[in-house]
Amino acid sequence: MARFPIFGGDTSRRIAEADSVAVIGLGRFGRALALELMAAGTDVLGIDLDEELVQSLNGQLTQVVRADSTKEEALRQLAVHEFDRVVVAIGDDISASILTSSVLLSMGIPVIWAKVVDDRHGLILEQLGVHHVIYPEKDMGRRVAHLVRGAALDYIEVDRGYALVKAAVPAALLDTRLGDTGLRASHGVTVAAFKRGEEPWRNADADTVLRAGDTVLVVGPTSSAESFAQLR
Ligand code: ATP
């Protein structure tokens, strides 16, 4: 019998009514995600099979409960069926991930996110109908490849073939109105924002004049955004 009570649905139901997310699986990924949601002001119901993990997060999430997410009854007791958004952060135990996702889908949860460990696992969840399948290792590996390869300070591929890159300002753009640089035509990217020293990020427009030492965020096709980051 669990040392931690399976809370009655009342507390969870209250969480479900707020701006809230249920996170199932509180390993490194689920835990980081749950704590980040909390820091951003979103209520989190955390669920894990592991008592020690649950105990270690007690007081850091809105509610954290030990339960087996493959059991529909356990999830119903926690009012998980009343959540609009649920994240399945179980990776290694593929059968637990599949069973949990299938229970959530049959409950009619509107938006389910699930992390997977490989393509085979991802394909199964996509075929089941999970709304957002995420590949943390694969995505991070690809992202780091671009950082290692180029001069970008940060890199996010927004979609296949389209990226947002953080970079230093190349000399050719200094001390000129962005609107007069012809950057879009010459390099196929748009400067979306810039940062000067300790000042906060500001949106860029045609009248923005970049100075030496500024950092910019540019968006555009991946190859163009990467080429931009390599300009000196
Ligand atoms: P990470 O990389 O995030 O640490 P992982 O993929 O290595 O995750 P897993 O073993 O897949 O780790 O599981 C993540 C968490 O999910 C673990 O804390 C585990 O206890 C929990 N978990 C696994 N099966 C269930 C289940 N049936 N019900 C609830 N939680 C579960």
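Presented here is an overview of the structure given in this document. Given the structure is predicted, the values throughout are model-derived calculations rather than measurements.

1. A word on the nonpolar core
Logical step 1: Within the largest apolar cluster, 26 residues are counted, with the highest numbers of intra-cluster contacts made by Leu45, Ile47, Leu75, Val80, Val86 and Leu104.
Logical step 2: Elements with a minimum of two residues in this core: strand S1 (20-24), strand S2 (43-48), helix H4 (72-77), strand S4 (85-88), helix H5 (94-107) and strand S5 (111-115).
Logical step 3: Examining the composition of this core, we find that 4 residues originate from one element, H5, more than from any other.
Logical step 4: Not counting the four nearest positions on each side in its chain, Leu75 is found in contact with Ile24, Ile47, Ser69, Val80, His81, Val103, Leu104 and Met107.
Logical step 5: By size, the runner-up hydrophobic cluster in this structure holds 19 residues, among which are Val169, Val189, Ala204 and Ala225.

2. Digging into the sheet that holds strand S6 (residues 132-134)
Logical step 1: One open sheet holds the 6 strands; their spatial order is S3-S2-S1-S4-S5-S6, and the pairing between them is parallel. Among the strands making up the open sheet, the edge pair consists of strand S3 (63-66) and S6. Averaged over all neighbouring strand pairs, the angle between strand axes comes to 15°, with direction disregarded.
Logical step 2: Pairing analysis gives 3 bridges linking S1 to S4, with the strands arranged parallel. Its bridge partner lying in S4, Ala22 is registered against Val86.
Logical step 3: Sheet contacts for H5: S1, S4 and S5; angle to S4, the most-contacted strand, approximately 170°.

3. Regarding helix H6 (residues 119-128)
Logical step 1: Turning to H6, its buried residues are His121, Gly122 and Leu125. The buried residues of H6 occupy an angular sector of 100° when projected down its axis, which confines them to one face. Every exposed residue of H6 that faces more than 90 degrees away from the buried side is listed here: Arg120 and Gln127.
Logical step 2: N-capping of H6 is provided by Asp118, with a side-chain oxygen placed 3.3 Å from the backbone N of Arg120.
Logical step 3: A positive backbone phi angle near 110° is found at Gly129, which sits one or two residues after H6.

4. Some words on the packing of aromatic side chains
Logical step 1: Applying the stated criterion to the full structure yields 0 aromatic pairs.
Logical step 2: Across from the ring centre of Tyr135, 4.8 Å away, lies the NZ or CZ of Lys138, which sits over that ring.

5. Some words on the side chain of Thr70
Logical step 1: Here Thr70 is to be found in the loop between S3 and H4.
Logical step 2: Separated by 2.7 Å, the side chains of Thr70 and Asp68 make a polar contact.

6. Things to note about empty space enclosed by the protein
Logical step 1: One pass over the full model with this rule turns up 1 cavity of 30 Å³ or more.
Logical step 2: If you add up the space inside the largest cavity, you get close to 30 Å³.
Logical step 3: Around the largest cavity sit His146, Gly150, Ala151, Ala152, Glu226, Ala229 and Gln230, which together line it.
Logical step 4: In terms of residue count, the dominant contributor to the lining of the largest cavity is helix H9 (residues 222-230) (3 residues).

Parameters at a glance
Residues numbered from 1 in each chain as written. Predicted model: local features only at pLDDT ≥ 70, side-chain atom pairs only at ≥ 80, totals over all residues. Heavy atoms only, no water. Core = buried A, V, L, I, M, F, W, Y, C linked by side-chain atoms within 4.5 Å. Buried < 20%, exposed > 50% of the residue type's maximum accessible area, 1.4 Å probe, protein only. Helix = DSSP H or I, 4+ residues; strand = E, 2+ residues; numbered from the N terminus. Contact = heavy atoms within 4.5 Å. Pairing = 2+ DSSP bridges. Axes fitted to C-alpha atoms, helices over the stretch in contact; angles between N-to-C directions. Arc of directions from axis to C-beta. Polar contact = N/O pair within 3.5 Å; in protein donor to acceptor, adjacent residues only side chain to side chain. Phe/Tyr/Trp six-rings, centres within 6.5 Å; stacked < 30°, edge-to-face > 60°. Lys NZ or Arg CZ within 6 Å of the ring centre and 35° of its normal. 1 Å grid on protein atoms, 1.4 Å probe; cavity = no way out; pocket = protein on both sides within 12 Å on 5 of 7 lines; lining within 4 Å. Points joined across faces, edges and corners; volume = space filled by probe spheres on them.

As far as function goes, none of this settles anything; it's purely spatial.
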